[in-house]
Amino acid sequence: MKSIMNPVVKTAVFFALLSFTDPLAVRAEAEVIGNDLNPVTFHAAPEHDPVVLVKDGVPLGYICVMTELNGPLKTVVDELQETVRKTTGAELPVIIGTIKKPGIVIGDCPEAEKSGLTGGAMPIEGFGIKTAEGLVFIVGNDEPVDDRITSTGSAWGVVEFMERFVGVRWYWRKEFGGRSLLETPDLVVEPVHLTDAPAFRKREFWPPSSESLIDGQNRSMRHYFAMMRNADTWPISVRVHEPQNVWEPYRKDRPEIFALREDGTRHSSMYCYSEPKTLQTFLEEIEAHYGGEELPTFRRGGATFIQGEAITVSPPDVPPSCFCDRCRELWNPEGGRYGAASYILGDFVRRLSAEVKERWPDKTIIYLPYQNYTEAPEGIEFSGNVEVQICGMPGIAQYKEPEIAAWEQEQLEKWFAITGRKIQNWHYSVWPADRIRAPYQYPNVLADYYRKNREILVGTFINGGKDLMPRHHLSLYVWSKVLWDPDFNVDAGIREYVERMYGPAAEEMGEIVRILVDGWEQSRWPNATLTPSNVYTYSYPPEKVERIQDLLAAAGENVRDDPEAAGRLDYFTTPFKAFFREFTIIATGEGTRPFSIHLAAEKPVIDGKLDDAVWRQAEPFTFMLHEAPQGEKEPEFETEVRALWTMDSLIVGFRMEEPETHALVNNIGARNDSMMWHQDCIELFLDASGKNSGQFHQIIITAAGTIWDAAPGGREGRGAGDANAWNMQEMEVGVHIADGFWSVEVSMPFEAFNEAVIPRPGTPGSWHGQITRHRHRGGKNIGGAENQKLNAFFGGFNSNTGDFAPFRFFE
């Protein structure tokens, strides 16, 4: 049977412990510690006296390690010795290869096998804890999974022992006060026999460094990850966005394997996945990798898209787009930003899978659907050797919106059906944290997701960021727990967290956490669209933000005489300054500088020179850079933008300081090329509806005058859609390159914009938007790359609607 209760009679009294069904409830009864732990399977306990390891602060026992002490096991054994010492005041000696009673015996050994615990017979990463007279055996599966991966079951058994019997919790890094201990003079283990193993074998957090928001330095998270049992023991692993530069010589010898642009030139790094020779080239690379033949210099070390027995299909980090006849036949013009290229990639994987099955039947293709090939294509059949790691868009925290969660679920189930294999995830904790400063929490979203998909998922690679722990540590803690076992009791985990970490301020902190959780998870945004105005209207409106501020002030008073709780409160509140500042700016409308657009009697000549007299009546605005963690600073190279309107058009002019115009990166001539932004360019995001609802037209113009343009669209009905599905044919562009600067003029007819508020004399109205300049670093000796913006206060992607400003039309 599964149980979440601790069989050891070890209790604590919680006064004023918050109930998450009623935030004002008070619970004062004694409660068995452990209902916040992961469920385990309890077996009939052996009959013997309790194992007394520490009594009245006196060490009586030993930590006996019967296997090689390195890697995660070394980390957790050191932590075990330290936490027992800090909890009881007694240090248990660590001895290697010898059993002494009373003792904690870690790893496979004849004595453990005699008691019924054999690591090799357990599931990968599984473990058992079983007592005997004077001994506590902790044995896990520590066998190699393949030549790269080793199971770490004994280490996870030690972590379970610390949580369940020593009473330790790790909510964030212990160096910053994230470890919770319960002091006691004794460490006594009642007779017990339990076993456990993870529900998902892929529980991988990235990057391994974090906490830059706390002390300005990247610090290793490996200790914390070990305590959270984060690991990846699944043998099929993707090599993301590979191959890249390894095929450089093919650009000369096999140009047809590269994507064809609309102007007839070839893409420098994107492949044409419908071209037969592309498949042939992949197969030659695979043959060379596994065949052991002498490789030419550019392929020395083997194919970069192969790892172990897994062959990756993962295009470069831009949306694939090819204009050859074969790709156009497979292109889905209705597929939008997540499905336009799904058939192109799906058909390539289908053909590759058939060849691999015939030639290398023991190999697996790992395919990473992402960008405009995320959606599962209908009617595609693989050869039983394809595994998918689907990229979760647009960030799992937004799965609180039913329509976004439903789309993700549909894709999981379709890919599962197509492949006949469990699915890997690539999820983002950093999205939408990069676009909003609110310390939102989404633990129930995570638990619901993994409970629903227990039978079809391998697990998850979590793509994080360097400053998310103070802001999202509670959700990340729950994420680790539900990846181990989706039946983790989220409410109990949160109750234990607030009581342990904040003591005299537990009631206030519990209510704050509930506001953050419920405000995010239970709010519904119009059109399921993330915008700062939606977040601060529906998720965290003024009354909730004011309540949080009051509760934080009360919590601060309550922990004044408790330095440990006060330090933890300081950690918790680290991101709240930016949160409150953003709220105030959004609520008051003071966050951005409005952009003024003046009526012109006549349209200037669109030649890029901005020398027509009519430009003198247009108000100039200069661009800024975003400076983390919050704010703006002036760029090194000035950009000036101004705008005019006529009865039928919007005209925008740019003048960009550039000391080395001969080195401008402007070698793309094809419209809507996926690499367009990586040129020297300007970019416009225009919400012509004036609603600032997250829908916008996106236009890029390079220093060569090349255009990328997309209308509002995408699966969620927000942002810009597929650039290949729409062109503003009536747009006029002029570029002028001079000594020390380059300039652009662009004229766009009002009638080309979807749902446009068209200005008229007497009722000019306003739009919303953002304008940016990307100064490319490539080849320059003066300065470096700069991503400049009209408004750069909130930062993140250029499309961050937090920095969208009113575009006001004046007569």
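Residues numbered from 1 in each chain as written. Predicted model: local features only at pLDDT ≥ 70, side-chain atom pairs only at ≥ 80, totals over all residues. Heavy atoms only, no water.

Engineer: Give me the sheet that holds strand E27 (residues 457-463): which residues, what numbers.
Structural biologist: Sheet strands pair by backbone hydrogen bonding; their relative direction is either parallel or antiparallel. An order of E19-E16-E27-E26-E25-E24-E23-E22 is seen for the eight strands of this open sheet, with the pairing classed as mixed. Two strands lie at the open edges of the sheet, namely strand E19 (231-232) and strand E22 (306-307), each paired on one side alone. Of the pairings in the sheet, the one linking strand E25 (residues 386-391) to strand E26 (residues 423-428) comprises three bridges and is parallel in character. Within the sheet, the bridge partner assigned to Ile 390 lies in E26 and is Asn 425. Most of the contacts of helix H7 (residues 276-291) go to strand E23 (residues 310-313), to which it runs at about 155°, and overall it touches E22 and E23. Contacting E23, strand E24 (364-367) and E25, helix H10 (residues 342-359) runs over the sheet at an angle of about 165° to E24. (Pairing = 2+ DSSP bridges. Helix = DSSP H or I, 4+ residues; strand = E, 2+ residues; numbered from the N terminus. Contact = heavy atoms within 4.5 Å. Axes fitted to C-alpha atoms, helices over the stretch in contact; angles between N-to-C directions.)

Engineer: Just give me the short version of the pairing of strand E38 (residues 741-749), but keep the residues and values in it.
Structural biologist: Here E38 lies mainly inside the structure; nine of its nine residues are buried. Residue alternation in E38 divides its side chains into two sets, Phe 741, Ser 743, Glu 745, Ser 747 and Pro 749 and Trp 742, Val 744, Val 746 and Met 748, and both sets are buried. Direction of pairing for strand E37 (residues 732-738) relative to E38: antiparallel, over a ladder of seven bridges. Along E38, the bridge assignment pairs Val 733 with Val 746. (Buried < 20%, exposed > 50% of the residue type's maximum accessible area, 1.4 Å probe, protein only.)

Engineer: Pulling in residues and values, what's your account of empty space enclosed by the protein?
Structural biologist: Applying the stated criterion to the full structure yields six cavities of 30 Å³ or more. In this structure, the second largest cavity is lined by Leu 260, Arg 261, Glu 262, His 267, Ser 321, Phe 323, Ala 670, Arg 671, Asn 672, Asp 673 and Ser 674. The residue inventory of the lining of the second largest cavity, partitioned by class, reads three nonpolar, four polar and four charged. (1 Å grid on protein atoms, 1.4 Å probe; cavity = no way out; pocket = protein on both sides within 12 Å on 5 of 7 lines; lining within 4 Å. Points joined across faces, edges and corners; volume = space filled by probe spheres on them. Nonpolar A, V, L, I, M, F, W, Y, C, P; charged D, E, K, R; others polar.)

Engineer: Outline unusual backbone geometry, listing residues and values.
Structural biologist: Note that the residue after Trp 206, namely Pro 207, is joined by a cis bond; omega there is 5°. Structurally, Pro 207 can be placed in the loop between strand E16 (202-206) and strand E17 (209-210). At the junction of Glu 242 and Pro 243, the peptide bond is cis and its omega measures out at 0° in the coordinates. Take Pro 243: it is sitting in the loop between E19 and helix H6 (250-253). Phi is positive for Glu 125, close to 70°, though the residue is something other than glycine. Residue position: Glu 125 is located in the loop between helix H2 (110-115) and strand E10 (127-132). Backbone geometry at Leu 610 places phi at a positive 55°, although glycine is not the residue there. Tracing the sequence through the fold places Leu 610 in the loop between strand E28 (595-599) and strand E29 (621-622).

Engineer: Tell me about the nonpolar core, and name the residues and values.
Structural biologist: Membership of the largest hydrophobic core comes to 168 residues, with the highest contact counts inside it found for Leu 80, Phe 161, Trp 479, Tyr 497 and Tyr 540. For this core, the element with the most residues is helix H13 (residues 469-484), which contributes nine residues. When sequence neighbours within four positions are dropped, the list of residues in contact with Trp 479 reads Phe 205, Ile 396, His 427, Tyr 428, Ser 429, Tyr 442, Leu 446, Tyr 450, Thr 460 and Ile 462. Judged by nonpolar contacts, the second largest core, of 36 residues, contains Ile 699, Met 728, Val 744 and Phe 807. (Core = buried A, V, L, I, M, F, W, Y, C linked by side-chain atoms within 4.5 Å.)

Engineer: Before we move on, could you go through the packing of aromatic side chains and cite the residues and values that matter?
Structural biologist: All chains considered together, the criterion is met by 47 aromatic pairs. Note on Phe 282 and Phe 305: the rings are 4.9 Å apart at their centroids and 55° apart in plane angle, and the pair reads as tilted. With a gap of 23 residues between them, Phe 282 in helix H7 and Phe 305 in the loop between H7 and E22 connect regions that are remote in the sequence. Accessibility assignment for this pair places Phe 282 and Phe 305 in one class, buried. Ring centres 5.7 Å apart and planes at 65° place the aromatic pair Tyr 536 and Phe 583 in the edge-to-face group. You can see Tyr 536 sitting in helix H16 (residues 532-539) and its partner Phe 583 sitting in helix H19 (residues 576-588), a full 47 residues away along the chain. In this pair, the class of Tyr 536 matches that of Phe 583, namely buried. Here a set of aromatic residues connected by ring pairs shows up, and it is made of Tyr 171, Tyr 477, Phe 488, Tyr 497, Tyr 502, Tyr 536, Tyr 540, Phe 572, Phe 576, Phe 579, Phe 580 and Phe 583. A cation over an aromatic ring shows up here: Arg 775 above the ring of Phe 637, its NZ or CZ 3.7 Å from the ring centre. (Phe/Tyr/Trp six-rings, centres within 6.5 Å; stacked < 30°, edge-to-face > 60°. Lys NZ or Arg CZ within 6 Å of the ring centre and 35° of its normal.)

Engineer: Residues and numbers for the side chain of Arg 203, please.
Structural biologist: By the element assignment, Arg 203 lies in strand E16. Overall, Arg 203 belongs to the buried group, its relative accessible area being 0%. Not counting chain neighbours up to four residues away, the residues in contact with Arg 203 comprise Glu 125, Trp 156, Pro 198, Arg 229, Asn 230, Ala 231, Thr 460, Leu 483 and Trp 484.

Engineer: Which residues make up the sheet that holds strand E5 (residues 51-55), and what values do they have?
Structural biologist: Read across the open sheet, the three strands follow the order E6-E5-E14; overall the sheet is antiparallel. Two strands close off the open sheet at either side, each with one partner strand: strand E6 (58-59) and strand E14 (187-189). By the bridge criterion, three bridges tie E5 to E14 in an arrangement that is antiparallel. If you follow Val 54 over to E14, its bridge partner there is Leu 187.

Engineer: Report on helix H17 (residues 542-558), specifying residues and quantitative values.
Structural biologist: The terminal C-alpha atoms of H17 lie 24 Å apart, and with 17 residues this matches the ideal 24 Å at 1.5 Å per residue to within 8%. Of the residues making up H17, those classed as buried are Val 545, Ile 548, Leu 551, Leu 552 and Ala 555. One face of H17 carries all of its buried residues, which in axial projection span an arc of 120°. Contacts from the buried residues of H17 go to helix H15 (506-521), helix H18 (563-573) and H19. (Expected span 1.5 Å × (residues − 1). Arc of directions from axis to C-beta.)

Engineer: Summarise H13; cite the residues concerned and give the values.
Structural biologist: When the terminal C-alpha atoms of H13 are compared, their 19 Å separation across 16 residues is substantially less than the 22 Å that a helix rising 1.5 Å per residue should span. Bending of H13 peaks at approximately 35° at the position of Ser 475. Counted residue by residue, H13 has 16 buried out of 16 residues, so it is predominantly covered. (Bend = angle between axes of the 7 residues up to and from the residue.)

Engineer: Quick rundown of the pattern of salt bridges? Include the residues and the values.
Structural biologist: Between side chains of opposite charge, pairing is possible as soon as their charged atoms come close. Counted under the stated rule, the structure contains 45 salt bridges. The partner of Glu 160 in a salt bridge is Arg 164, and the shortest N-O contact between them spans 2.6 Å. Residue Glu 160 and its partner Arg 164 are located together in helix H3 (residues 153-166), separated by four residues, close to a single helical turn. Take Arg 164: its relative accessible area is 1%, and that puts it in the buried class. With a shortest N-O distance of 3.3 Å, Glu 355 and Arg 359 are connected by a salt bridge. In this pair, Glu 355 and Arg 359 both sit in helix H10, four residues apart, roughly one turn of the helix. Each of Glu 160, Glu 163, Arg 164, Arg 229 and Lys 481 takes part in one network of salt bridges that share partners. (Salt bridge = Lys/Arg side-chain N within 4 Å of Asp/Glu carboxyl O.)

Engineer: Describe in detail the packing of H16 against H19, supporting the description with residues and values.
Structural biologist: Running from amino to carboxyl end, H16 crosses H19 at an angle of 100°, the nearest separation of the two axes being 10 Å. Relative to H19, H16 is oriented roughly perpendicular. Where H16 abuts H19, its residues Pro 532, Ser 533 and Tyr 536 lie against Phe 579, Glu 582, Phe 583 and Ile 586. Residue composition of the contact of H16 with H19, grouped by class: five nonpolar, one polar and one charged. (Parallel < 35°, antiparallel > 145°, perpendicular 65-115°, else oblique.)

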